[in-house]
Amino acid sequence: MKSEKILITGALGQLGTVLTNELQKKYGINSVIATDLRPNFDFNGVFETLDVTNFKAIEECVIKHNVTQIYHLAAILSANGEKNPLKTWDINMSTLFNVLEVSRLCNINKIFYPSSIAVFGDEIESVNTPQSPNLTPLTVYGMSKVAGENWVNYYHKRYGLDIRSLRYPGVIGYQSLPGGGTTDYAVDIYHKAVNNEDFECFLKASTMLPMIFIDDAIRATLELMDAPRKIISIRTSYNLAGMSFTPNELYNSIRKTYPDFKISYNPDFRQEIADSWPKSIDDNTARKDWGWKPNYDLDSMTNIMIQKLKAQYHSVVA
Ligand code: VAH
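Here goes a summary of the coordinates provided.

Reading the values: the criteria
Residues numbered from 1 in each chain as written. Predicted model: local features only at pLDDT ≥ 70, side-chain atom pairs only at ≥ 80, totals over all residues. Heavy atoms only, no water. Core = buried A, V, L, I, M, F, W, Y, C linked by side-chain atoms within 4.5 Å. Buried < 20%, exposed > 50% of the residue type's maximum accessible area, 1.4 Å probe, protein only. Domains from an automatic or database assignment. Contact = heavy atoms within 4.5 Å. 1 Å grid on protein atoms, 1.4 Å probe; cavity = no way out; pocket = protein on both sides within 12 Å on 5 of 7 lines; lining within 4 Å. Points joined across faces, edges and corners; volume = space filled by probe spheres on them. Helix = DSSP H or I, 4+ residues; strand = E, 2+ residues; numbered from the N terminus. Nonpolar A, V, L, I, M, F, W, Y, C, P; charged D, E, K, R; others polar. Pairing = 2+ DSSP bridges. Right-handed = clockwise from strand over helix to strand, strands pointing away.

### Description of the nonpolar core
Then step 1. Counting residues in hydrophobic clusters, the biggest one holds 74 residues, and the most contacted among them are Y185, Y190, F245 and W290.
Then step 2. Both domain 1 (6–171 + 213–239) and domain 2 (175–209 + 243–279 + 296–317) contribute no fewer than three residues apiece to this core.
Then step 3. The contacts of Y185, once residues within four sequence positions are left out, are F199, C201, F202, L203, M211, F245, T246, P247 and L250.
Then step 4. Among the nonpolar cores identified, the runner-up in size contains 23 residues, and C61, M93, Y155 and L161 belong to it.

### Regarding the layout of surface pockets
Empty space left among the atoms is revealed by rolling a probe the size of a water molecule over them.
Then step 1. In this structure, the largest pocket encloses a volume near 1100 Å³.
Then step 2. Lining the largest pocket are 44 residues, and of these G13, L73, A75, I76 and L77 lie nearest its centre.
Then step 3. Of all the elements in the fold, those that place two or more residues in the lining of the largest pocket are α1 (14–27), α3 (78–81), α4 (85–105), β5 (110–116), α5 (140–159) and β7 (170–172).
Then step 4. In terms of residue class, the lining of the largest pocket is made up of 21 nonpolar, 17 polar and six charged.
Then step 5. Mapped onto the domain boundaries, the lining of the largest pocket takes at least three residues apiece from domain 1 (6–171 + 213–239) and domain 2 (175–209 + 243–279 + 296–317).

### Regarding the pairing of β5
Then step 1. Taken across its seven residues, β5 has seven buried, putting it largely inside the fold.
Then step 2. With burial as the criterion, each face of β5 is covered, one bearing K110, F112, P114 and S116 and the other bearing I111, Y113 and S115.
Then step 3. In the sheet, β5 pairs with strand β6 (residues 162–168) via seven bridges, with the strands oriented parallel. Within β6, the position partnered with K110 by the bridge is D162.
Then step 4. The β-α-β motif built from β5, the intervening α5 and the parallel element β6 has right-handed crossover chirality.

### Focus on unusual backbone geometry
Then step 1. Located in the positive-phi region is N66, a residue other than glycine, with phi close to 50 degrees.
Then step 2. Topologically, N66 is positioned in the loop between α2 (55–64) and β4 (69–72).
Then step 3. The class of N66 is partly exposed, set by a relative accessible area of 48%.
Then step 4. A positive phi angle is found at N107, which is not glycine, with a value near 50 degrees.
Then step 5. Locating N107 in the fold gives a position in the loop between α4 and β5.

Here's what the structure looks like:
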């Protein structure tokens, strides 16, 4: 049997950074080809600069490395995506089409496609949002993920590709700085607390959003990809939940360690995006199909985030 060779697009992003490391541990450092648009000269492992909008480039990379699996993480996120809607649509869709076509032509065994709770709009039940309601997203990012879910389902049904997908909530991790996401306030706040700086939140104190600690998000991804093909009942994308909280609840969790930490609220354009998203997610189909269960809640996540960021900033032994 051909040994597994895993290609990751967007490997320098929030999920990609951690997923690359976990996949290197699982398959061996030389079995993972990390790629990103930006070069990375001190990368520990196999790295290629790759523009996924270039079909020939990704096809050549897949053939050169005898790739058997692709994790396609490259995309423009919700908040950044609204700054140039047509470019966001073009990049998020053209990169997916290239990955799907290369996978079809090169007989890739398995593909992972990240979707998001951003596929939901304000026409659905916002508490315990079910697996398959009508999807009317507010953002171009969300629209591209709805279209992407349907394209991956089409390539599964039409060509038999084994493509698997998760609708991630807001992912919170200590390994990368806040990116262009609407949920990234929940990453930035920890950096400010650990550095004894006041935090200005771009969402209202009462904005409840579904979130997940990065260790749970990565474990969910690997558990889904390892599950037997026959038990996968959802070929668009699985709802996934970790926890839900408001900026005020997150602030109070951090204050258990930093009682003098200060927050102010100055909602901006991202408030309208957040208001269109669910408050909480029903992920029972993932629990039933492949035994999903989160390990982290708000306080256990806060404890790890503070411990790890203190070690990063103050070179304190974690
Ligand atoms: C974003 N972090 O904010 C991403 C995610 C559910 C949010 O898709 O765009």
